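Letter by letter, the chains look like this.
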Protein chains: 2
Amino acid sequence: MSSAEEIAKAAKAAFEASQLVSSEERVAALYAIKRELEAKKSSILDANREDLQAARLEVDAGRMSESMLKRLDLGKQDKWDSMLQGVLDVAAMPDPTGKVGYATELDDGLELYRVSCPIGVLLVIFESRPEVVVNIATLAIKSGNAAILKGGKESMRTAVLLADAITSGLAKTNLPPTYIQTIQTRDEVSSLLSLDRYIDLVIPRGSNALVKNIQNNTRIPVMGHSDGLCSVFLDESADEQKAVRVVVDSKVDYPSACNAAETLIVHQSLVTTLWPIVAKALISKKVKLLCDQPTYSPLSSILDTETLKTYVQPSTAEDYTTEHLSLTLSIITLPSLATAIQWINSHSSHHTDSIVTENEANASVFCNGVDSAGVFVNASTRFADGFRYGFGTEVGISTGRIHARGPVGLEGLVTYKYKMRSVVSGGHVAGEFGSGGKQFKHKPIETSFVPF
Amino acid sequence: MSSAEEIAKAAKAAFEASQLVSSEERVAALYAIKRELEAKKSSILDANREDLQAARLEVDAGRMSESMLKRLDLGKQDKWDSMLQGVLDVAAMPDPTGKVGYATELDDGLELYRVSCPIGVLLVIFESRPEVVVNIATLAIKSGNAAILKGGKESMRTAVLLADAITSGLAKTNLPPTYIQTIQTRDEVSSLLSLDRYIDLVIPRGSNALVKNIQNNTRIPVMGHSDGLCSVFLDESADEQKAVRVVVDSKVDYPSACNAAETLIVHQSLVTTLWPIVAKALISKKVKLLCDQPTYSPLSSILDTETLKTYVQPSTAEDYTTEHLSLTLSIITLPSLATAIQWINSHSSHHTDSIVTENEANASVFCNGVDSAGVFVNASTRFADGFRYGFGTEVGISTGRIHARGPVGLEGLVTYKYKMRSVVSGGHVAGEFGSGGKQFKHKPIETSFVPF
């Protein structure tokens, strides 16, 4: 048996064994893990400094970006404390399992309950930030799933010790120590992707290319977290203050986030009125504007040559399908709400799109017509986030539309099963129902839990 | 552009256009389709007779089974009327879209709603029964999804005319005529599987091999409907009457269904007491028993030689992973509830498993420990069915655990989107929240619909 198969098999066995462990015990495991992390703090931060030193060499050699190096640092500011607080926050959240979504009496004494339950074994693949090991392990344990985690090789020294702390914490509970496992190599990922018998869901968080590559190489369901090509549409009736505030915030609040806007769509009636005002506000925040001809022209006559040259340039077709992740915004002019909706549906990544409008009917048409996970009215695209939505924490923002869409909280890590029981003498058999026989009652049962 | 790409692109365009069409209009389309089917009844049944004649030649040549030929027949008994009644039943069901699952006020005047909506474009691949074209088209239209349907080649003449009737019906409404399209060849399926830009979900209904083959060849999410390796476990405390009724019904009510039992697990304490009684009841229904040694022995001493020879034989390891789909049942003896749960988790297809027990604690452990879509107590596995569960109708029984699990009704054909609106002066921007700024309120909103 390959090492990957042993890992996968151990994960499945751990998952199955854990089904008879109580929700309280899972919460106790989170506290045990937090205590282990605290006890091992100095050795973990030592390992993190080694990862940082190695990364510094890579940055100096031009093989790694400075921003990636920054993401590795577990010692800076309150990052360590936030990580531990995150464990406590998740521990305190409501249990996502055991919730009844449908309950009906099929016949006198024959009860059916649809109840939320864990999915099984998760394979989570993510990039450099080492604390994600703890974040994801915490979410998996809280939701009752076993998990196999693969982080970036840049943070390996740190991740190994974080994983050790998790294993030590689990060892102090009734949960199997193989409930959370970490792997280090791409080869292991590749082997695991063929083990659909043991692994139930793959969650890749990273580039579009990473997600597509995984989708192409497995028959396990994939919940991808990849690019965000978000847009803001300035409708004919847009209010000036709202337009400026929403567009600027969507672009500049955190340009490298997937929920930052990459495209601004301007209704053609606004190109000489509202548009120059919004453009000036963006330029004052150092945003570079990639304009189509109708939005370029008015700026060329009102901006000084230097500003125009520095901040404004004609757009290319490619700009409208590029995730800039920087202070750069593509601008396009369209003649109507309908064409804006069509344009968004064919160009956006169906992540989050916002309309600025004073027209309620147009707001409604936009929200129904735009096929994206988030459709906002007079609000920044930056609100698309699990914490902001009120989920306490998030697995990530799913760019798929099956199972979970948009920001994914603990609810996205559960599925459901149907529990049925007969409580009458003789039990229940199907052959007694149907033409000439008994009829199904389908009488709703009012309950939030399964009584057995 | 390939023909498959044209079909997929037309489907996506139809889906997007349909998002602004009301739910009432979709219901009107169902009535229009029913009228078209009625008007074309004689030509459709003529085509069906041609399909049947061609199939008869295949059966005579030994290339098709008699049961497949039977499934092709749209003229027999009340099949035609049932098909039309099914259209009316689905039309009358509650709209699965527009339902609010989560609503919260993030800040004064900033409202968030998670609302159910169609998935997009479905690619549904199924086997011979021609009426499935109408069933699936009806479900897709009701739930607001565009669909591309591929049936079996055996029913092609019938399916083409059924599809014509659907297209004619759609043409009398505001829904695009390409909302429901049918394709005929495997090559087209193969091309469509690469078009994840246009197709959002593949639903294959058929063999395990078909489902796995599709999962291996696409990065589009797959909701598979394949094999059912269901089992019944006779716990130590099983009641005799319940045991006999549940086991016999699970096996003989409809042996070729995916929810029929294929394995009986006998607690070892019952091999000389309850087991022979259950065995005799099964044999009286002409069920062939494939027994392990502990269940074979007692039968060899109490059955006459002829009966033993005809109905009982030693099992092989392979029998326990075989979907018999006939009056054949594999029997295994296990020493405990815990081993029975482990055995089911490693051998069953996670479809539906039932326990016969008088012990409530054991019932609860079984239902939590068995990782299947359906876990039943003293009830036949045959109850695992969308109609019986109260969904009115079903897409099929999903053997996956992501998005929808077990019998899938209209609810399995929707996803959700997040709608957000700011109703205050200036709109809402994210930069004002966080440390030193505003805090999120997350105040639940009590509503069942989105007000915009």
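Residues numbered from 1 in each chain as written. Chains lettered and ligands numbered in written order. Predicted model: local features only at pLDDT ≥ 70, side-chain atom pairs only at ≥ 80, totals over all residues. Heavy atoms only, no water.

- Chain A is annotated in an unreviewed UniProt entry as glutamate-5-semialdehyde dehydrogenase of Agaricus bisporus var. burnettii.
- Heading Function (unreviewed entry) of the UniProt record for chain A holds this comment: "Catalyzes the NADPH dependent reduction of L-gamma-glutamyl 5-phosphate into L-glutamate 5-semialdehyde and phosphate. The product spontaneously undergoes cyclization to form 1-pyrroline-5-carboxylate."
- Heading Catalytic activity (unreviewed entry) of the UniProt record for chain A holds this comment: "L-glutamate 5-semialdehyde + phosphate + NADP(+) = L-glutamyl 5-phosphate + NADPH + H(+)". (UniProt positions renumbered as here; feature names shortened; annotations may be inferred.)

**Focus on the relation of the copies chain B and chain A**
Thought 1: Of the transformation placing chain B onto chain A, the axial shift is 0.0 Å and the rotation is 180°, giving an RMSD of 0.1 Å. Overall, the copies show the geometry of a two-fold rotation axis. Ranked by how close their C-alpha atoms come to the rotation axis, the residues of chain B are headed by His-403 of chain B, at 1.9 Å.
Thought 2: When the interface residues of chain B are mapped onto chain A, 100% of them again lie at the interface, so the same face is used by both copies. (Least-squares fit on C-alpha atoms with pLDDT ≥ 70 in both. Contact = heavy atoms within 4.5 Å.)

**Describing the sheet that holds strand E7 (residues 230-234) of chain B**
Thought 1: On the basis of which strands lie adjacent, the open sheet formed by eleven strands has the order E17(A)-E1(A)-E2(A)-E16(A)-E13(B)-E12(B)-E7(B)-E8(B)-E11(B)-E9(B)-E10(B) and mixed pairing. Looking along the sheet, the strands with just one partner apiece sit at the ends: strand E17 (443-444) of chain A together with strand E10 (312-314) of chain B.
Thought 2: In terms of strand pairing, E7 of chain B meets strand E12 (residues 352-356) of chain B through four bridges, oriented parallel. Paired with Phe-233 of chain B across the two strands is Ile-355 of chain B, which belongs to E12 of chain B.
Thought 3: Packing against the sheet, helix H12 (residues 293-302) of chain B makes contact with strand E8 (261-267), strand E9 (288-291), E10 and strand E11 (328-334) of chain B, and its axis sits at approximately 125° to E9 of chain B. (Pairing = 2+ DSSP bridges. Helix = DSSP H or I, 4+ residues; strand = E, 2+ residues; numbered from the N terminus. Axes fitted to C-alpha atoms, helices over the stretch in contact; angles between N-to-C directions.)

**Regarding the pairing of E11 of chain B**
Residue and element names in this part refer to chain B.
Thought 1: Summarising burial for E11: seven of the seven residues are buried, a large majority.
Thought 2: Side chains of E11 alternate between two faces, with Thr-328, Ser-330, Ile-332 and Leu-334 and Leu-329, Ile-331 and Thr-333 buried alike.
Thought 3: Direction of pairing for E8 relative to E11: parallel, over a ladder of five bridges. The partner of Val-266 across the bridge, within E11, is Thr-333.
Thought 4: Relative to E11, E9 runs parallel, the two being bridged by four bridges. Looking at E11, one finds that Leu-290 is bridged to Ser-330. (Buried < 20%, exposed > 50% of the residue type's maximum accessible area, 1.4 Å probe, protein only.)

**As for the UniProt feature "domain: Aldehyde dehydrogenase" (unreviewed entry) in chain A**
Thought 1: Mapped onto the present numbering, the UniProt feature "domain: Aldehyde dehydrogenase" (unreviewed entry) falls at residues 4-320 of chain A.
Thought 2: Here residues 4-320 of chain A is 50% helix and 17% strand, with 41 Å between the C-alpha atoms at its ends.

**A short note on the sheet that holds strand E4 (residues 146-150) of chain B**
Residue and element names in this part refer to chain B.
Thought 1: Taken together, four strands build an open sheet; the order of strands is E5-E4-E3-E6 and the sheet is parallel. Each edge of the open sheet is held by one strand with a lone partner, namely strand E5 (180-183) and strand E6 (201-204). The average undirected angle you get between the axes of adjacent strands in this sheet is 20°.

**Examining the interface of chain B and chain A**
Thought 1: Each partner contributes to the interface: chain B provides 82 residues, whereas chain A provides 82 residues.
Thought 2: Contact between chain B and chain A buries roughly 7200 Å² in total, counting both sides, with carbon and sulfur atoms accounting for 54%.
Thought 3: Across the chain B-chain A interface, the total number found is six salt bridges.
Thought 4: Between Arg-114 of chain B and Glu-411 of chain A there is a salt bridge, with its nearest N and O atoms 3.2 Å apart.
Thought 5: Applying the counting criterion to the chain B and chain A interface returns 51 residue pairs in polar contact (both at pLDDT 80 or more).
Thought 6: For the side of chain B that touches chain A, the leading source of residues is strand E16 (residues 414-422) of chain B, giving eight residues.
Thought 7: Class assignment of the residues belonging to the side of chain B that touches chain A gives a composition of 35 nonpolar, 25 polar and 22 charged.
Thought 8: Here strand E16 (residues 414-422) of chain A runs beside strand E13 (residues 374-377) of chain B; their pairing, made up of four bridges, is parallel. Its bridge partner lying in E13 of chain B, Arg-421 of chain A is registered against Val-377 of chain B. (Buried area = accessible area lost by both parts, 1.4 Å probe. Salt bridge = Lys/Arg side-chain N within 4 Å of Asp/Glu carboxyl O. Polar contact = N/O pair within 3.5 Å; in protein donor to acceptor, adjacent residues only side chain to side chain. Nonpolar A, V, L, I, M, F, W, Y, C, P; charged D, E, K, R; others polar.)

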